[in-house]
Amino acid sequence: MSPSDKYKTIHYQSYLNLDKLLDSQHPRSLQVEGKLAHDEMLFIIVHQVYELWFKQIIHELTSVHQILASQKIDERDIGIMVHRLSRVNKIMKLAVDQIDVLETMTPLDFLDFRDYLFPASGFQSFQFRIFEIILGLNDKKRLTYNNEHYKSVFNEAQKQEIKSLEDSKSIHFLIQKWLERMPFFKHKNFEFLSSYKEAVKQMIEKESALINQSHHLNNSEKEMRLKMLEGNQDYFDQVLDEQKHNQLLKDGSITFSFKATVAALFIRLYRDQPILQGPYQLLTSLKDLDERLTNWRSRHAQMVLRMIGKKIGTGGSPGFDYLAKTVEKHQVFSDLLNISTLLIPRDQLQPLPAEIEKELGFYFH
Ligand code: HEM
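Calculation rules
Residues numbered from 1 in each chain as written. Predicted model: local features only at pLDDT ≥ 70, side-chain atom pairs only at ≥ 80, totals over all residues. Heavy atoms only, no water. Helix = DSSP H or I, 4+ residues; strand = E, 2+ residues; numbered from the N terminus. Contact = heavy atoms within 4.5 Å. Donors = N, O, S within 2.8 Å, 3.2 Å for Na, K, Ca; no water.

Student: An account of unusual backbone geometry is needed here, citing residue identities and associated values.
Tutor: Cis geometry marks the peptide bond from Phe118 to Pro119, where omega comes out at -5°. Considering the arrangement of structural elements, one finds Pro119 in the loop between helix H7 (107–111) and helix H8 (126–135). For Asn17, which is not glycine, the phi dihedral falls at a positive 50°. By the element assignment, Asn17 lies in the loop between helix H2 (12–15) and helix H3 (18–21). Unusually for a residue other than glycine, Asn147 sits at a positive phi of about 55°. By the element assignment, Asn147 lies in the loop between H8 and helix H9 (156–167).

As structure tokens, this is what we get:
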């Protein structure tokens, strides 16, 4: 391309391809009945806006995925990933808020054109599935309905694309591998896990002494609290004993490997160390994204209940009941959220040996 071609003027209309974009709303009520159901325009535009945002989200997540898949990830890369994920999180916030706009359509307004949609449904959103798969929602974990595979609604080319994406490594997988490569756990006289386990032991002993010595609790209340404390201890043991952890992995009740869990815990506990700031923010932005997606699922399910009650969906699912179940079941990074259960107060944490602190800090001289 010659320099003069390169900077040739372009019109707003053509740059944004507005002729095509604005000619893409064709209400079915008008086509079928010859009479426009007023709110169908809003219904179409809201869905189209979602699909555009899904496109942008996939664009950002694909770049995060590429960085994570590279051999070496340095501080700069972490900054880029955090920045792009925070953009996705802002979009997801809009995605949740946008439901308010659609809800200005009342259930009766929706009934004016709902029958013309059959059997189309958001369940057939290809981009939404790509979004979920890149993040790491795998086939085994996925809920479906009517004993049909979720892929059955797509054409052959789309099925192939989904399959190859499912076969490749997701962000969930790559983050795990990155965590497993984290150094700093063992250093001469310091071994993070045993120092942490000792701190947990002391914390539980302290809490149990406080319960036993309390003048405000009667004996049965004390017994109940001590039992709950035992439950906490069991949780720590289950997650931090490698063998028990591997059993939970096998059962499918957790998804992060032992090593990755310990690394994520280390980052959360010692996040004030300058070099752990980036990794901490990366884990936080993934947690935020999972939370925002869960918010969207929950908000969408609520809207569906308000709009069609307990009727079946146009895509043939049990509607609200199916969607409400996905809210918990389709979370991808719940293991990162569960790390909070393993946190202990800062003052009970063993300080890091000076040499490690030095390695984790930034020094200008
Ligand atoms: C009046 C508004 C809406 C109603 C009544 C509604 C209803 C439903 C129902 C019943 C399902 C379950 C599948 C089925 O049986 O069809 C579903 C799935 C879905 N809808 Fe909506 N929906 C609405 C708006 C939207 C909007 C604005 C979006 C934005 C893209 C959307 C995206 C989706 C997606 C992605 C799924 C698949 C969810 C999953 O399988 O996890 N829906 N919707």
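Student: Residue-level account of the side chain of Gln331, with values.
Tutor: When you line up the elements, Gln331 lands in the loop between helix H16 (320–329) and helix H17 (334–338). With sequence-adjacent residues up to four places away left out, Gln331 is seen in contact with Lys141, Asp290, Thr294 and Leu337.

Student: Hey, could you go over the coordination of the iron atom of the ligand for me, with residue numbers and the actual values?
Tutor: No protein donor other than His300 (NE2) coordinates the iron atom of the ligand, and that contact is at 2.2 Å. Mapping His300 onto the fold places it in helix H15 (residues 274–308).

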